[in-house]
Amino acid sequence: MIKMRMQVKKKNEETFWDKLGKPKYILAPMVDLSELPFRLLCRNYNCNLTFTPMLHAQNFVKHEKYRSGYFKKSDNDKPLIAQFCGNNAEIILNAIDYVKNDVVAVDLNLGCPQQIAKKGNYGAFLLSKHDEVVSLISDITNNCKIPITCKIRKIDNDYQSTLNLCHDLQNRNVQMITVHGRTKEEKGINIKECDYEIIKLIKEKLSIPVVANGSVEHFEDIEKCLNYTKADAIMCAEILLEKPYFFSNKNVDIIDIVNEYYVLFLKYETNLKYLKSHLFKMLYTYFQVHTDLRDMLNNCHGLNDYLNFQKILNEKRKQGTLTQSNQTWYRRYRKTL
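Thresholds, definitions, all that
Within each chain, residues carry numbers counting from 1 in the order of the written sequence. Confidence filtering applies because this is a predicted model: local features only for residues at pLDDT of at least 70, side-chain atom pairs given and counted only at 80 or more, and all residues used for totals across whole chains, interfaces and linings. Working from all heavy atoms in the structure, the side-chain values ignore hydrogens and water. UniProt positions are given in the numbering used here, feature names are shortened, and annotations may be inferred rather than shown by experiment. Orientation is described by axes fitted as lines to C-alpha atoms, over the contacting stretch for helices, and by angles from 0 to 180 degrees between their N-to-C directions. Segments assigned H or I by DSSP are reported as helices when at least four residues long, segments assigned E as strands when at least two residues long, and all are numbered from the N terminus. Should an angle fall under 35 degrees it is called roughly parallel, over 145 degrees roughly antiparallel, and 65 to 115 degrees roughly perpendicular, with every other angle called oblique. Each helix crossing is assigned a hand: it is left-handed if the near helix lies turned anticlockwise from the far helix by less than a right angle, otherwise right-handed if that turn is clockwise. Throughout, a contact is declared for two residues whenever any of their heavy atoms are within 4.5 Å. Nonpolar residues are Ala, Val, Leu, Ile, Met, Phe, Trp, Tyr, Cys and Pro. Charged residues are Asp, Glu, Lys and Arg, and all others, Gly as well, are polar. Whenever two N or O atoms come within 3.5 Å, that pair is a polar contact, provided that in protein one can donate a hydrogen and the other can accept it, and provided that, for residues adjacent in sequence, both atoms are side-chain atoms. Any residue under 20% of the maximum accessible area for its type is buried, any over 50% is exposed, and the rest in between are partly exposed; the area is computed with a 1.4 Å probe on protein chains only. A pair of strands counts as paired when DSSP detects no fewer than two bridges linking them. Classification remark: right-handed applies to a crossover when, strands pointing away from the viewer, the course from the first strand over the helix to the second runs clockwise. Definition used in this section: a nonpolar core is a set of buried Ala, Val, Leu, Ile, Met, Phe, Trp, Tyr and Cys residues joined via side-chain atoms within 4.5 Å. For patch building, the residue pool is restricted to those with more than 30% relative accessible area and no salt bridge; the joining distance is 9 Å between like charges and 5 Å between nonpolar side chains (Val, Leu, Ile, Met, Phe, Trp, Tyr). Computed by Shrake-Rupley with a 1.4 Å probe, the accessible areas treat only the displayed protein chains as cover when residues are assessed. Counted as salt bridges are all cases of a side-chain nitrogen of Lys or Arg within 4 Å of a carboxyl oxygen of Asp or Glu.

- In the annotation of an unreviewed UniProt entry, the entry for the protein chain reads tRNA-dihydrouridine synthase, and the organism field reads Piliocolobus tephrosceles.
- Reading the Function (unreviewed entry) entry of the UniProt record for the protein chain gives the comment "Catalyzes the synthesis of dihydrouridine, a modified base found in the D-loop of most tRNAs."
- Recorded in UniProt for the protein chain, the comment headed Cofactor (unreviewed entry) runs: "FMN".

Below, the structure written as structure tokens:
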């Protein structure tokens, strides 16, 4: 009987991974920055799987404007996983009901390290509350038919606690776990290199797919990570914000990428905060030299301002007057190589 159950479980895991298309290159869920136009942009350059931005389950259930503003879909953006944050199973289940027909899975955010997550008792601040997390996941997986995945961080520097949690999540029918190999404190100016050892150990102990996340700056870093950890796929965030073409391993002019993003933004989005945020990251190396362009973007407010900025940017490129710095957005908090 036990052997039969294991065989059925293995079959279900393979079915889920197959449904995802066995992705290798994954765009991470981010606060505000993995919106539809950006997801489509990354897909144009070999991204196999995307996540929505982190969605607040309670806001998603209560406010139609929040739902329509933060959850946008396209037939060109599949497979897609929606990520929710929260600590109330009933609310999360209600949120899932809104998206269950439009996504292949729902991910529970157990990795957000920001203070807003601490205040709301969600994200990485749930990780130390083992029983609460396991109970939450059990209530969700037992009451919905859509696959549930989780994204976690390392629990302090406690390997055993991290392994124990992952093991219990798997036993509660979580279908995939993404592991960011840093603690919640290791961010911003306190960022450290990703701990691939914990990802390796988790992959060795689990039978479900494990996705590695963290410390990928160069394309060759992907294979180094996957070869060492034996993870099933790699998930990236920051390097894609600067280089949305990163997974293609091509040398692409970032201004061409900016123009491509403009096209997608104008087709699918209206919230200008996305446009400003992405442009600052993609053009960071230019802004270190051309502070006038940086200030111009900073003073953009209406759509016409942004279209004028795009026009001037392209004119400067045509004139051959643009110069890039060696400083990159990815390394803004990191030591220079």
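Quick look at the packing of helix α12 (residues 254-268) against helix α16 (residues 303-319)
Working step 1: In the contact formed by α12 and α16, the axes pass within 11 Å of each other and the chain directions differ by 155°. When the axes of α12 and α16 are compared, the pair comes out roughly antiparallel. Where α12 crosses over α16, the handedness of that crossing is left-handed. Residue-level inspection shows I255, D256, V258, N259, Y262 and L266 of α12 in contact with α16, the latter providing L303, Y306, L307, F309, Q310, L313, N314 and R317.
Working step 2: Of the residues that constitute the contact of α12 with α16, the class distribution is 9 nonpolar, 3 polar and 2 charged.

Digging into the UniProt feature "domain: DUS-like FMN-binding" (unreviewed entry) in the protein chain
Working step 1: This chain's UniProt record puts "domain: DUS-like FMN-binding" (unreviewed entry) on residues 26-316.
Working step 2: Along residues 26-316 one finds 48% helix and 14% strand; the C-alpha atoms at either end are 34 Å apart.

Digging into the side chain of H290
Working step 1: If you trace the backbone, H290 turns up in the loop between α14 (284-287) and α15 (291-298).
Working step 2: A distance of 2.8 Å separates the side chain of H290 from the backbone nitrogen of T323, its partner in a polar contact.
Working step 3: Filtering out sequence-adjacent residues up to four positions away, H290 remains in contact with T321, L322 and T323.

Topic: the pairing of strand β6 (residues 176-180)
Working step 1: Summarising burial for β6: 5 of the 5 residues are buried, a large majority.
Working step 2: Residues M176, T178 and H180 of β6 are buried on one face, and the alternating residues I177 and V179, pointing to the opposite face, are buried as well.
Working step 3: Across 5 bridges, the pairing between strand β5 (residues 148-153) and β6 is parallel. Residue pairing in the sheet places C150 in a bridge with I177 of β6.
Working step 4: Between the parallel pair β5 and β6, the chain is carried across by helix α8 (residues 159-171), and the sense of this crossover is right-handed.
Working step 5: The pairing of β6 with strand β7 (residues 210-213) spans 4 bridges and is classified as parallel. Its bridge partner being in β7, T178 is matched across the sheet by V211.
Working step 6: In this region the chain leaves β6, passes through helix α9 (residues 196-205) and returns to the parallel neighbour β7; the handedness of that crossover is right-handed.

Considering unusual backbone geometry
Working step 1: In this model, K78 is joined to P79 through a cis peptide bond whose omega is 0°.
Working step 2: Its location among the elements puts P79 in the loop between α4 (64-70) and β3 (80-85).
Working step 3: One non-glycine residue, N46, lies in the positive phi region at around 80°.
Working step 4: Checked against the element boundaries, N46 lands in the loop between α2 (36-43) and β2 (50-56).
Working step 5: For N46, a relative accessible area of 37% gives the class partly exposed.
Working step 6: Phi at N249 is positive, roughly 60°, even though this residue is not glycine.
Working step 7: Residue position: N249 is located in the loop between α11 (238-242) and α12.

Some thoughts on the nonpolar core
The nonpolar side chains of soluble globular proteins are, as a tendency, buried together.
Working step 1: If you look at the biggest cluster of nonpolar residues, it comprises 100 residues, and the most contacted ones within it are F84, I96, L169, I234 and F309.
Working step 2: The element that contributes the greatest number of residues to this core is α12, accounting for 8 residues.
Working step 3: Ignoring sequence-local partners within four residues, the contact set of I234 consists of K24, Y25, I26, V211, A212, V216, I222, C225, L226 and F247.
Working step 4: Membership of the second largest hydrophobic core comes to 14 residues, among which are L20, F51, V104 and A233.

Digging into a nonpolar patch on the surface
Working step 1: A contiguous nonpolar surface patch, about 220 Å² in accessible area, is contributed by L266, L303 and L307.
Working step 2: With respect to the element layout, L303 can be found in helix α16.
Working step 3: Residue classification places L303 among the partly exposed positions, given a relative accessible area of 36%.

Details of the pattern of salt bridges
Working step 1: In this structure the tally under the stated criterion is 21 salt bridges.
Working step 2: The shortest N-O distance in the salt bridge between K100 and D97 comes to 3.5 Å.
Working step 3: Note on D97: relative accessible area 44%, which makes it partly exposed.
Working step 4: In this structure, D253 engages R317 in a salt bridge whose closest nitrogen and oxygen atoms are separated by 3.0 Å. In this pair, D253 is assigned in the loop between α11 and α12 and R317 in helix α16, connecting sequence segments 64 residues apart.
Working step 5: One continuous salt-bridge network, built from bridges that share partners, spans R39, R43 and D77.

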